[in-house]
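So the chains spell out like this:
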Amino acid sequence: MNSQRSRWIVRAIGLLVVVGLPILGAWLRRQSEQGCALDGVRIDPVFAVRIIDVHGIEARFCCLQCAVWWVQRRGEAPRQVFVTDETSGRWLDAADANFVRSGVITNATTGNRVHIFQRRSDAERHASDSRGTILTGSARPFENITHRDRAN
Amino acid sequence: MILNAYAVLSGFVVVLRGIAAVLVIGLACCVLRSRRRVEFSPTERTESENRFYLLSLLSTWLLGLSLISWPLLYLLLQSYVPHWPGVMCIYGVTQIGAGSRGYSRFLPGLIVALQFLKPAAVFVSGVWWLLYRIQRQTQTEPLMGRILLVQLGFGVLALTDTLLEGVYLVIPKREEFLFTGCCTSDISYQSDRSISWLASLSDGLGPKWLSFTFYVVNFGLVFALWCFRIRSRQFEKSPGMNLLLLGAVLVAPLTAAYLAEIAAPAVLRLPYHHCLYDLIPRAIDMVLGIVLYVMGAGCVGWACAVRWLAVRPETKDLARSDQDWLLSVGLNCYVAALVMFFLEVSLA
């Protein structure tokens, strides 16, 4: 009788673990801070990029390079792209941003060297301080999307 | 050489395992040689028995250390991740040294070898333990020769694994050219899959068919296991058990493809990141599911080993009861793992 009882207790504990752990794990992962949508690393707010896709779903990224790769993989143009001004930390539309490619790496994993500024003067200062180039025309990230936004 | 807490711990375990493995090999050879002699004096017989008991104790010690060293390898690799700025997870660490000209060019190969040797050593040690457990319940030691050979094999495997791990720990890993892969800096959007053959298997079937095939094939395996479990006596002389083992082995690549291509991206909520290693720091509950699945496959293998090696007139019933027990454990492990995988992916 006792052995049968202990067997049932073991089965109940096993069932609890098998069903409970995935539920607990999924819940904890939902509660935790969401990382970069491409590679899952922690997002530094200064370099964060936010993309809203055609379905209206938002994805956040740790750097511009991750966002570019994500868009390339999706194969569909996003509805909107927001980037962070490195000087103020404020969100701005990618169409209004000044992009500077310099020697300073923002993310070692992706090797991203593109820096984002709202004001032209900040971009020029960063470019001259770190031997960078202000990106113009088709060299600007998300250029096709930002052109379309302007047209709209 | 990178020196951190895990490297020191791994080094300590390597030294202990190395000593135990050498002693196991030496004693197994000694006892095997002494068993060839036809006549024994009472003193020699006692000496041989004492050696065998010492060998069994050492094998148990080596078994425990082999079990510890398996997860310890992944903890060590995880602890190496912050040492390279371009490395994001264990996969990046496993690629350190690829394409370089120094000794570090051996590092990726060593890691691959270790990842196969550790489970192999644990499996063989499990076979030894089962045979030893069966023999302890008999009077005439009918499995002695086989036990000694398995112990010798276990010792050789453990020693090889230990030597390779020691070499891996010692080889300098800094300032080496870094291979590019899914978790290293020069990531390209075409090469986001860490294991190419898993990616091609997934691409061949497509995500929906891969999931469907995974569950159908695995539940088929579970059903076959259940049939064997409840009607083991009917299948006693059929080759079905060997086919079951073959099935468990053949299903493994499909399971790996499902886990890397479907489950890991869903659980980690990273649809373009197909890397099983990322589950270790971020979804330990999923890792438990994988451990249960591996245990299920191991139990099928051990049940077959018992059937091949432990069936003698005196041990027939003991072997059958152990085989049934292993099939039960294997069945429970498979079912638990599949339920966990299903829940993890559904809830993600």
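Residues numbered from 1 in each chain as written. Chains lettered and ligands numbered in written order. Predicted model: local features only at pLDDT ≥ 70, side-chain atom pairs only at ≥ 80, totals over all residues. Heavy atoms only, no water.

Asker: Lay out the overall build of chain A with the relevant residues and their values.
Answerer: Along chain A, the regular secondary structure elements total four helices and seven strands. Relative to the globule expectation of 15 Å for 152 residues, the C-alpha radius of gyration of chain A, 23 Å, shows a markedly less compact shape. Classification of the 152 residues of chain A by burial places 44% in the buried group. Just so you have it, chain A exposes about 8600 Å², and 53% of that area is on carbon and sulfur atoms. Charge separation in chain A, taken as the distance between the mean sites of 21 positive and 15 negative side-chain charges, equals 10 Å. (Helix = DSSP H or I, 4+ residues; strand = E, 2+ residues; numbered from the N terminus. Rg over C-alpha atoms; globule rule 2.2 N^0.38 Å. Buried < 20%, exposed > 50% of the residue type's maximum accessible area, 1.4 Å probe, protein only. Areas by Shrake-Rupley, 256 points an atom, 1.4 Å probe, with all protein chains shown as cover. Lys, Arg positive; Asp, Glu negative; His and termini not counted. Charge placed at Lys NZ, Arg CZ, Asp CG, Glu CD.)

Asker: Tell me about the side chain of Ser66(B), and please be specific about residues and values.
Answerer: All names here are of chain B. When you line up the elements, Ser66 lands in helix H2 (residues 42–80). Note on Ser66: relative accessible area 1%, which makes it buried. Not counting residues within four places of it along the chain, the set of residues in contact with Ser66 comprises Arg17, Val122 and Phe154. (Contact = heavy atoms within 4.5 Å.)

Asker: Mind laying out the sheet that holds strand E2 (residues 58–61) of chain A, listing which residues take part and the relevant values?
Answerer: All names here are of chain A. With antiparallel pairing, four strands are arranged side by side in an open sheet as E2-E1-E3-E4. Every other strand in the sheet has two partners, leaving E2 and strand E4 (91–93) as the edge strands with one partner each. In this sheet, neighbouring strand axes are inclined to one another by 25 degrees on average, regardless of whether the strands run parallel or antiparallel. Pairing geometry for strand E1 (residues 49–52) and E2, over four bridges, is antiparallel. Each bridged residue has a counterpart across the sheet, and for Ile52 the counterpart in E2 is Glu58. Each of E1, E2 and strand E3 (80–84) is contacted by helix H2 (residues 64–74), which is oriented at about 20 degrees to E1, the strand it contacts most. (Pairing = 2+ DSSP bridges. Axes fitted to C-alpha atoms, helices over the stretch in contact; angles between N-to-C directions.)

Asker: How would you summarise unusual backbone geometry if you had to cite specific residues and measurements?
Answerer: Residues and elements named next belong to chain B. Backbone geometry at Glu141 places phi at a positive 50 degrees, although glycine is not the residue there. Relative to the helices and strands, Glu141 resides in the loop between helix H4 (107–135) and helix H5 (144–170). Here Arg269, not a glycine, exhibits a phi torsion of approximately 60 degrees, which is positive. The topology assignment puts Arg269 in the loop between helix H8 (240–268) and helix H9 (279–282). Given the relative accessible area of 30%, Arg269 is considered partly exposed.

Asker: Can you lay out the pattern of salt bridges for me, pointing to particular residues and giving the numbers?
Answerer: Inspection of every chain in the model, using the stated rule, returns 14 salt bridges over all chains. Asp122(A) serves as the salt-bridge partner of Arg125(A), at 3.5 Å between the closest nitrogen and oxygen. Of this pair, Arg125(A) and Asp122(A) both sit in helix H3 (residues 120–129), three residues apart, roughly one helical turn. The class of Arg125(A) is partly exposed, set by a relative accessible area of 49%. On the basis of relative accessibility, which here comes to 4%, the residue Asp122(A) falls in the buried class. We note a salt bridge from Arg51(B) to Glu47(B), for which the minimum N-O separation is 3.8 Å. With Arg51(B) and Glu47(B) both in helix H2 and four residues apart, this pair spans about one turn of that helix. Look at Arg51(B) and you get partly exposed, because its relative accessible area is 31%. By relative accessible area, Glu47(B) is classed as partly exposed at 44%. Sharing partners across several salt bridges, the network here consists of Arg17(B), Lys118(B), Asp161(B) and Glu165(B). (Salt bridge = Lys/Arg side-chain N within 4 Å of Asp/Glu carboxyl O.)

Asker: A description of the environment of Gly301(B) should follow, citing residues and the corresponding values.
Answerer: All names here are of chain B. Secondary-structure assignment places Gly301 in helix H10 (residues 284–309). A residue is classified by how much of its surface remains accessible, and Gly301, at 5% relative accessible area, is buried. When the C-alpha positions of Gly301 and Leu245 are compared, they lie 6.2 Å apart, and in sequence the two are 56 residues distant. The residues contacting Gly301, other than those within four sequence positions of it, are Phe123 and Leu245.

Asker: Provide a residue-level description of the domain arrangement of chain B, including the pertinent values.
Answerer: Much of the literature gives interface size as the accessible area that the parts lose upon coming together. Residue and element names in this part refer to chain B. When its domains are assigned, chain B resolves into domain 1 (5–170) and domain 2 (197–347). The gap between the C-alpha centroids of domain 1 and domain 2 is 24 Å. With 25 residues of domain 1 in contact, the opposing surface of domain 2 contributes 24 residues. Interface of domain 1 and domain 2: buried area, both sides summed, is about 2100 Å²; carbon and sulfur atoms make up 70% of it. Of all residues in domain 1, the largest losses of buried area upon contact with domain 2 belong to Leu130, Ile134 and Arg146, amounting jointly to 26% of the total for that side. At the boundary of domain 1 with domain 2, the tally comes to one salt bridge. (Domains from an automatic or database assignment. Buried area = accessible area lost by both parts, 1.4 Å probe.)

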